[in-house]
Amino acid sequence: MSHAISLTPEAFTLVKFDAAELLAIAEDAATAVGVPDDVSIAIDVDEALPGPLIASAAEAVPGKLSFWFSGGSFEDPKRLAMLQPEMSRTELAAAFLRGRDRLDGGFEDAPPDGEISERQRAIWDVYAEGRLAQQGGFLINEPRRRYSYRLRCGFSDVADAEYDRVWKAPSLSWTELEEIEGRLAGADTRPEARKPLRHESLRPS
Amino acid sequence: MKKNLPPSELARDSRFVRSTIMDAIMDPRNQALAERDLGSAKLQPGRPAAADRARNLMHGIFTGEIQALEGAGRTTFDFDDDEAPFALKLDMARQCWDESRHVEISVKLGEWMGTEIGEYNEATFLYEAACATDPILRLCGVNRALEGLAIDVFNTMREFGDISGDPVLEFCEDWMLADEVTHVKMGSDWLRRLTENDPERRERALEFQRGVDKLFSLGGFRGETDENPIQLARKLRAMAGFSTDEIDEISEISVQAQEDARAMSAGASAPS
């Protein structure tokens, strides 16, 4: 199988990433998570954003998935400006799953990534990475995902129980995700100002 | 056992990878980032990538604690009693015990936040401040500059835990913060006692500390504006014995460090 994948920039100048290597990793990840061959993939990497600024966005229209990533999403935390292949494969695969969700996986009605709340995004990220963990073959740091989720959804037993359910969920829809968010919001005892709202994005508008 | 161990000989296993402070300052991405408006750089839970930024900082705290342990430990051994009083070495031994606990707490906090030992690279500039051959310079570098930075970092992380509702992070940082205040006071007390009749030595020590404080400002990492991820903890520094003038000076040094880093980064990016 092979996909039509485009990468922007075609050559990296601020980081020492090999564009061809990243494209090959993307192809491997797309195949692994079952992106249909007839769906093209566009990847835009903002190489100026270093680790630990890890961020991504996914858009979908029929026949095409488009992704934006911070350069930090693919950067080796141990080696400045160098590509970390295994971590990159996981980041790409998780984003591709979210793209597939938007295409025909029950998230067709989800607002664009720039408009969903941090809490919604955190739940969706757990759903995506949980599926990769169940599938196997990916570098997964489950405690990292759990901490990111707790930061957005609360440090509570209710939040942890929802996390465990979503992590193992074989399927989920945007409507169900909104219901989960509602339960989490109801259980979040943090002062209103501390609850996650939509904050500024790393992605240039 | 060897005295005055250089940073290159610090014991680390294969999980650790070294970086230098210059690598970070000369990174060509700095200039590109400086030209963007990414909003406040403060480490706050609501900011983008807050979890990964906090994990990264927590790992930096962990390696910093190892180096603080190594620095205090070397001071108990590197000097004869006529160079450093036995009571000073006792203080350093007590500090070693504190730093050991901090290392263990930091490892546990790393696990809590999903960070593995050695996940991020390690810069050894903290230990390098503990390599001065005059014990008073070393105390100024470690106990007043390094531990002063620790006060700023721990206070920022404690607030991060408080705002995010993370009881584990807030509690642990608060405990470690209390120790750091004591360590700074130790440094300040020994500086006064050992240089009571030697103003020139005291000035050399304070000048050394200014240099270390500038280095530890890391080109804008610490300061008092929205551009600084780590905020200068004025109240806690005052509790540790820093005068208002000294805190103002550190603030000014931080601004200079940020301007220097911008100039260096711009120079590195300019076409030759």
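Here the structure is a predicted model, which means the values were calculated and not measured.

Details of the overall build of chain A
The helix and strand tally for chain A stands at six helices and four strands. N-terminal to C-terminal, the α/β element order of chain A is β-α-β-β-β-α-α-α-α-α. Taken over the C-alpha trace, chain A has a radius of gyration of 17 Å; the compact-globule value for 205 residues is 17 Å, and the two agree within 12%. Projected onto its principal axes, the C-alpha coordinates of chain A cover approximately 45 × 35 × 35 Å. With 205 residues in all, chain A has 56% of them scored as buried. Across chain A, contacts joining residues at least 24 apart in sequence account for 67% of those joining residues at least 6 apart. Of the roughly 8700 Å² of accessible surface on chain A, a fraction of 51% belongs to carbon and sulfur atoms. Seen as two clouds, the 24 positive and the 36 negative side-chain charges of chain A have centres 6 Å apart.

Side note on the sheet that holds strand β1 (residues 5–8) of chain A
Across a sheet, paired strands are connected by hydrogen bonds in the backbone, their directions being either parallel or antiparallel. Residues and elements named next belong to chain A. In spatial order, the strands read β1-β2-β4-β3; together these four strands make up an open sheet with mixed pairing. On the outer flanks of this sheet lie β1 and β3 (56–61), each paired with one strand and no other. Between one strand axis and the next, the sheet turns through 15° on average, direction left out of account. Bridge count for strand β2 (residues 40–46) against strand β4 (residues 64–70) is seven bridges, and the pairing is parallel.

Some words on the domain arrangement of chain A
All names here are of chain A. Under the domain assignment used here, chain A contains domain 1 (5–88) and domain 2 (113–194). Residue-level contacts link eight residues of domain 1 with seven residues of domain 2. Here domain 1 packs against domain 2, burying approximately 570 Å² in sum over the two surfaces, 50% of which is carbon and sulfur. Viewed at the interface, domain 2 and domain 1 are joined by zero salt bridges. Here domain 1 and domain 2 share three residue pairs in polar contact (both at pLDDT 80 or more) between them. Going through the elements one at a time, β3 and α2 (85–104) are the ones with two or more residues in the side of domain 1 that touches domain 2. When its residues are assigned to classes, the side of domain 1 that touches domain 2 shows six nonpolar, one polar and one charged.

Some points on the nonpolar core
Judged by nonpolar contacts, the single largest core of 45 residues is most densely connected at Tyr147(A), Ile151(B), Met157(B), Phe160(B), Leu169(B) and Phe216(B). Among the elements that make up this core, the one with the highest residue count is helix α6 (residues 135–164) of chain B (nine residues). When neighbours within four sequence positions are excluded, Leu169(B) is seen to be in contact with Tyr147(A), Met58(B), Leu109(B), Trp112(B), Met113(B), Met157(B), Phe160(B) and Gly161(B). Membership of the second largest hydrophobic core comes to 33 residues, among which are Ile25(A), Ala30(A), Leu92(A) and Ala128(A).

What to know about the interface of chain B and chain A
Facing 39 residues of chain B, the contacting portion of chain A comprises 32 residues. Among the residues of chain B in contact with chain A, Arg29(B), Arg36(B) and Asp52(B) are the three that bury the most area, contributing 20% of the side total. Inspection of the chain B/chain A interface yields three salt bridges. Notably, a salt bridge pairs Arg29(B) with Glu75(A), separated by 2.9 Å at the nearest N-O pair. At the surface where chain B touches chain A, the tally comes to eleven residue pairs in polar contact (both at pLDDT 80 or more). For the side of chain B that touches chain A, the secondary structure elements donating two or more residues are α1 (21–25), α2 (29–34), α3 (50–78), α4 (86–113), α6 and α7 (167–194) of chain B. It is α3(B) that contributes the most residues to the side of chain B that touches chain A, seven residues altogether.

Reading the values: rules and limits
Residues numbered from 1 in each chain as written. Chains lettered and ligands numbered in written order. Predicted model: local features only at pLDDT ≥ 70, side-chain atom pairs only at ≥ 80, totals over all residues. Heavy atoms only, no water. Helix = DSSP H or I, 4+ residues; strand = E, 2+ residues; numbered from the N terminus. Rg over C-alpha atoms; globule rule 2.2 N^0.38 Å. Buried < 20%, exposed > 50% of the residue type's maximum accessible area, 1.4 Å probe, protein only. Contact = heavy atoms within 4.5 Å. Areas by Shrake-Rupley, 256 points an atom, 1.4 Å probe, with all protein chains shown as cover. Lys, Arg positive; Asp, Glu negative; His and termini not counted. Charge placed at Lys NZ, Arg CZ, Asp CG, Glu CD. Pairing = 2+ DSSP bridges. Axes fitted to C-alpha atoms, helices over the stretch in contact; angles between N-to-C directions. Domains from an automatic or database assignment. Buried area = accessible area lost by both parts, 1.4 Å probe. Salt bridge = Lys/Arg side-chain N within 4 Å of Asp/Glu carboxyl O. Polar contact = N/O pair within 3.5 Å; in protein donor to acceptor, adjacent residues only side chain to side chain. Nonpolar A, V, L, I, M, F, W, Y, C, P; charged D, E, K, R; others polar. Core = buried A, V, L, I, M, F, W, Y, C linked by side-chain atoms within 4.5 Å.

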